[in-house]
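Each chain, written out:
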Amino acid sequence: LEERRGGLRVKSFQTFQSIIGGFLAWVGGRVITPDLVVGFFAGLRQTRHRTTYGAYRSLLLRAFREIGLAGMMDGIERLKTVKTPAKYFQKYQVERLKKYLLERDPELWFFCQFVYFCFLRPRRELRFLKIGDIHFDENKILVPGEISKNKKSEFVTIPMAFRSAVMGLAARSPGEFVFGGVKPWSYNNSGRRFRRALDALGFGSEYKL
């Protein structure tokens, strides 16, 4: 995994690291055999969602292949999965979330507004957005190519309904990250915080940031 680190996206590396780490923690220093791997996946099948099982199967198969031990995965069957699409928030649900976040995590509510009004990708674009990327006089935001999904620098308009909230950032240093200041938020920061709010309000896992 360390040898391949340079060719993997940060998210991919973290996923590999988590899955391999979880497997090795379960192994606990025992000699890895095909029977041991079968036992691991039998337990996984009983305790985790099929999607999680599939992720472990796919990535561990790739890892074993990398070291010439693909046979370790013989007998590990593929399970069919049915992906459940994320549900959209109805207006009254948005009002509940807004009230909750304004009271307990107003910064996260501001983050949600950026996503909603400006269509910025939370983890890839908004997390790395800097104050200097916001053109306050022209009422628009430059999404630099190095953080955009298509690698192109493009402008997005700030809707009038959101302008007054964004103008509050104008007094900060251009080099600061909008969220995090000197350093950007960590990859899972917004998702973790939003999940806590959803759990507190009784929203199921089908609702996402």
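First things first, this report covers the structure right here in the doc. Every value quoted in this text rests on a predicted model; they were computed, and no experiment measured them.

Focus: the overall build of the chain
- Each helix and strand counted, the chain has seven helices and three strands in total.
- Helices and strands appear in the chain in the N-to-C order α-α-α-α-α-β-β-β-α-α.
- Across its three principal axes, the chain shows a C-alpha extent of roughly 65 × 40 × 25 Å.
- Contacts in the chain between residues at least 24 apart in sequence constitute 55% of all its contacts with a sequence separation of at least 6.

Notes on the pattern of salt bridges
- Under the definition given, this model contains 12 salt bridges.
- Note that arginine 193 and aspartate 105 form a salt bridge whose closest N and O atoms lie 2.8 Å from each other. Within this pair, whereas arginine 193 is found in helix α7 (residues 189–200), its partner aspartate 105 is found in the loop between α4 (91–104) and α5 (106–118), the two being separated by 88 residues in sequence. Of the two residues, arginine 193 and aspartate 105, neither departs from the other in class, the shared state being buried.
- For the salt bridge of arginine 193 with glutamate 107, the shortest nitrogen-to-oxygen distance reads 3.3 Å. Placement of arginine 193 in helix α7 and of glutamate 107 in helix α5 is noted, with a sequence separation of 86 residues between them.

Structural notes on the packing of helix α1 (residues 10–27) against helix α3 (residues 50–66)
- Running from N to C, α1 and α3 point in directions that differ by 90 degrees, and their axes come no closer than 10 Å. On the basis of their axis angle, the class for α1 and α3 is roughly perpendicular. Across the interface between the two elements, Thr15, Phe16, Ser18, Ile19, Ile20, Gly22 and Phe23 of α1 pack against Ala55, Tyr56, Leu59, Leu60, Arg62, Ala63 and Phe64 of α3.
- Of the residues contributing to the contact of α1 with α3, the split by class is 10 nonpolar, three polar and one charged.

Concerning the packing of α4 against α5
- Relative to each other, α4 and α5 sit at 135 degrees, their axes nearing to 6 Å. Classified by the interaxial angle, the pair formed by α4 and α5 is oblique. Taking contact as the criterion, the partners of Val94, Lys98, Leu101, Leu102 and Arg104 in α4 are, on α5, Pro106, Leu108, Trp109 and Cys112.

So, the nonpolar core
- Among the nonpolar cores identified, the biggest contains 33 residues, and Phe114, Ile134 and Leu169 are the most heavily contacted of them.
- Taken together, the elements giving at least two residues each to this core come down to α4, α5, β2 (140–143), α6 (160–167) and α7.
- A total of eight residues in this core trace back to one element, the largest contributor, which is α5.
- Apart from residues no more than four positions distant in its own chain, phenylalanine 114 is found in contact with Phe119, Leu120, Leu126, Leu129, Ile134, Ile141, Phe162, Val166, Leu169, Val178 and Phe179.
- Core analysis: the next-biggest nonpolar cluster, separate from the first, contains 21 residues, Phe13, Val37, Phe64 and Leu79 among them.

Examining the pairing of β2
- Of the two faces of β2, the one lined by Ile141 and Val143 is fully buried and the one lined by Lys140 and Leu142 carries no buried residue.
- Pairing of strand β1 (residues 134–135) with β2 involves two bridges; the strand directions are antiparallel. Each residue of the ladder has a partner; that of isoleucine 134, found in β2, is isoleucine 141.
- With four bridges connecting them, β2 and strand β3 (residues 154–157) associate as antiparallel partners. Bridge pairing in β3 links isoleucine 141 to valine 156.

Calculation notes
- Residues numbered from 1 in each chain as written.
- Predicted model: local features only at pLDDT ≥ 70, side-chain atom pairs only at ≥ 80, totals over all residues.
- Heavy atoms only, no water.
- Helix = DSSP H or I, 4+ residues; strand = E, 2+ residues; numbered from the N terminus.
- Contact = heavy atoms within 4.5 Å.
- Salt bridge = Lys/Arg side-chain N within 4 Å of Asp/Glu carboxyl O.
- Buried < 20%, exposed > 50% of the residue type's maximum accessible area, 1.4 Å probe, protein only.
- Axes fitted to C-alpha atoms, helices over the stretch in contact; angles between N-to-C directions.
- Parallel < 35°, antiparallel > 145°, perpendicular 65-115°, else oblique.
- Nonpolar A, V, L, I, M, F, W, Y, C, P; charged D, E, K, R; others polar.
- Core = buried A, V, L, I, M, F, W, Y, C linked by side-chain atoms within 4.5 Å.
- Pairing = 2+ DSSP bridges.

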